[in-house]
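Structural overview for review
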There are 2 protein chains.
Amino acid sequence: MILGRLNHVGVATPSIDASIAFYRDVMGATAIGEPFDLPTQGVRVCFVDTPNTQIELIEPLGDTSPIRAFLAKSPAGGQHHVCYEVPDIHEAKAWFEAKGARVLGEPRIGAHGTPIFFVHPRDMGGVLTEIMETPKEAH
Amino acid sequence: MILGRLNHVGVATPSIDASIAFYRDVMGATAIGEPFDLPTQGVRVCFVDTPNTQIELIEPLGDTSPIRAFLAKSPAGGQHHVCYEVPDIHEAKAWFEAKGARVLGEPRIGAHGTPIFFVHPRDMGGVLTEIMETPKEAH
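Model, not experiment: these values are computed from the prediction.

As a further point, take the interface of chain A and chain B. Where interface size is quoted, it is often the accessible area lost as the parts come together. Listed by partner, the interface residues are 40 residues for chain A and 40 residues for chain B. Summed over both sides, the interface between chain A and chain B buries roughly 3,100 Å², with carbon and sulfur atoms accounting for 64% of that surface. On the chain A side of the contact with chain B, Leu3(A), Met27(A) and Gln79(A) bury the most area, a combined 23% of that side's loss. Linking chain A with chain B are 0 salt bridges. Where chain A meets chain B, there are 13 residue pairs in polar contact (both at pLDDT 80 or more). Of all the elements in the fold, those that place two or more residues in the side of chain A that touches chain B are strand 1 (6-12), helix 1 (16-25), strand 3 (43-49), strand 5 (78-86) and helix 3 (89-98) of chain A. Top element by residues in the side of chain A that touches chain B is strand 5 of chain A. It accounts for 6 residues. Classifying every residue of the side of chain A that touches chain B by side-chain character gives 21 nonpolar, 14 polar and 5 charged.

This part takes up helix 1 of chain A. Residue pairs three or four apart in sequence face the same way in an α-helix, which turns once every 3.6 residues. Listed in full, the buried residues belonging to helix 1 of chain A are Ile16(A), Ser19(A), Ile20(A), Phe22(A) and Tyr23(A). One side of helix 1 of chain A holds all its buried residues, which, seen down the axis, span an arc of 160 degrees. Packed against the buried residues of helix 1 of chain A are strand 1, strand 3 and strand 4 (54-60) of chain A together with strand 5 (78-86) of chain B.

Below, the discussion takes up the relation of the copies chain A and chain B. Each copy superposes on the other: chain A lies on chain B with an RMSD of 0.0 Å after a rotation of 180 degrees and an axial shift of 0.0 Å. The superposition operator between the copies reduces to a two-fold rotation axis. Within chain A, the C-alpha atom positioned nearest to the axis of rotation is that of Asn52(A), 3.1 Å from it. Looking at chain A, 100% of its interface residues are interface residues in chain B too, so the copies touch through the same face.

Next up on the list: the sheet that holds strand 5 of chain A. Residues and elements named next belong to chain A. What the 8 strands build is an open sheet, ordered 2-3-4-1-5-8-7-6; its pairing is mixed. Of all the strands in the sheet, just strand 2 (36-38) and strand 6 (103-109) have a single pairing partner and so form its edges. Averaged over all neighbouring strand pairs, the angle between strand axes comes to 30 degrees, with direction disregarded. Bridging between strand 5 and strand 8 (residues 129-133) involves 5 bridges; their strand directions are parallel.

With that settled, the discussion passes to the UniProt feature "domain: VOC" (unreviewed entry) in chain A. Annotation from UniProt places "domain: VOC" (unreviewed entry) at residues 5-134 of chain A. Helix and strand shares over residues 5-134 of chain A are 21% and 38% respectively, and the end C-alpha atoms of the span are 9 Å apart.

Residues and elements named next belong to chain A. What helix 3 keeps buried is the set Ile89, Ala92, Lys93 and Phe96. All buried residues of helix 3 project into a common sector of 100 degrees when viewed along the axis, lining one side. Projecting away from the buried face of helix 3 at angles above 90 degrees are the exposed residues His90, Glu91 and Ala98. Against the buried residues of helix 3 lie strand 5, strand 6, strand 7 (115-119) and strand 8. Just downstream of helix 3 lies glycine 100, where phi reads positive at about 85 degrees.

Parameters and conventions
- For every chain, the first residue of the written sequence is number 1, and numbering continues from 1 onward in sequence order.
- Each chain gets a letter, beginning with A, and each ligand a number, beginning with 1, in the order they are written.
- Totals for whole chains, interfaces and linings use all residues, but because this is a predicted model, local features are given only for residues with pLDDT of at least 70 and pairs of side-chain atoms are given and counted only at 80 or more.
- Hydrogen atoms and water are omitted, and side-chain values are computed over all heavy atoms in the structure.
- Residue contacts follow a heavy-atom distance rule, with two residues in contact if any of their heavy atoms lie within 4.5 Å.
- Summed over both partners, the accessible area lost on bringing two parts together, with a 1.4 Å probe, is the buried area.
- Whenever Lys or Arg places a side-chain nitrogen within 4 Å of a carboxyl oxygen from Asp or Glu, that contact is recorded as a salt bridge.
- Two N or O atoms count as a polar contact when they lie within 3.5 Å, although within protein this holds only if one can serve as hydrogen donor and the other as acceptor, and sequence-adjacent residues are included solely when both atoms are side-chain atoms.
- To qualify as a helix, a DSSP run of H or I must reach at least 4 residues; to qualify as a strand, a run of E must reach at least 2; elements of each kind are numbered from the N terminus.
- Three classes are used, and their members are as follows: Ala, Val, Leu, Ile, Met, Phe, Trp, Tyr, Cys and Pro are nonpolar, Asp, Glu, Lys and Arg are charged, and the others, Gly among them, are polar.
- For the exposure calls, accessible area comes from a 1.4 Å probe over protein chains only, and a residue counts as buried if that area is under 20% of its type's maximum, exposed if over 50%, partly exposed in between.
- The directions from the helix axis to the C-beta atoms are what the arc is built from.
- Least-squares superposition of the copies uses the C-alpha atoms of those residues scoring a pLDDT of at least 70 in each of them.
- Paired strands, in this sense, are two strands between which DSSP finds at least two bridges.
- Orientation is described by lines fitted to C-alpha atoms, with helices fitted over the stretch in contact, and by angles between N-to-C directions that extend from 0 to 180 degrees.
- UniProt positions are given in the numbering used here, feature names are shortened, and annotations may be inferred rather than shown by experiment.

Right, here's the structure in full:
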């Protein structure tokens, strides 16, 4: 596997609306998507474009959202994960498993509409890592 | 201010050597710089290239390194900060101060040889944020 594009940095937030205002008014973001629910992941998400990558704002959706535990520790939010692109999600899963890294569940459709999985931070230098198949029409 | 390039994601590690092996052998990085000391910041750093940005590996340097407190909480390491580029470091400092964000100290020379400062995570949605003047010859 060759290291792919950093598709986004995932940033947890207690309020996507407040974070959108922050990225627009303080950080100077000029391209901010519409927030949308991703019920299968228990998150509401919103992408903020930077010139070379994106910030994915993630807010808890539902009582069992995995973001709730993160916000319990860090109520103001913070860096949650990084996401790298791969050309083939199944080859990537086999690669990480062969390296002894714990892939968290089967590939599923992520926020960009292509298959994704997460790899356990304990096997990734403490960094929760999302692996995402590159959208076919992108870049 | 307009949101600039994400220059890098800073990742704290107890061992740059072990992290280099991880990024090379597990993540598939093909361009990894030479580690070097940045004594004024109390860190040893190493840049790992991705196709569109960089990972900055940071290891504590010296007993008073600010990375020691981070590793005391997260011994395996993890996401430490994000760094955005700006065209003019002094204009950026004035911008953030006018927004009420706490700039941590005066601009100083960072790992890429241009002036940088950090902004307090409490004013940045929980994200420790480095602001870096774009190298003149870059991109």
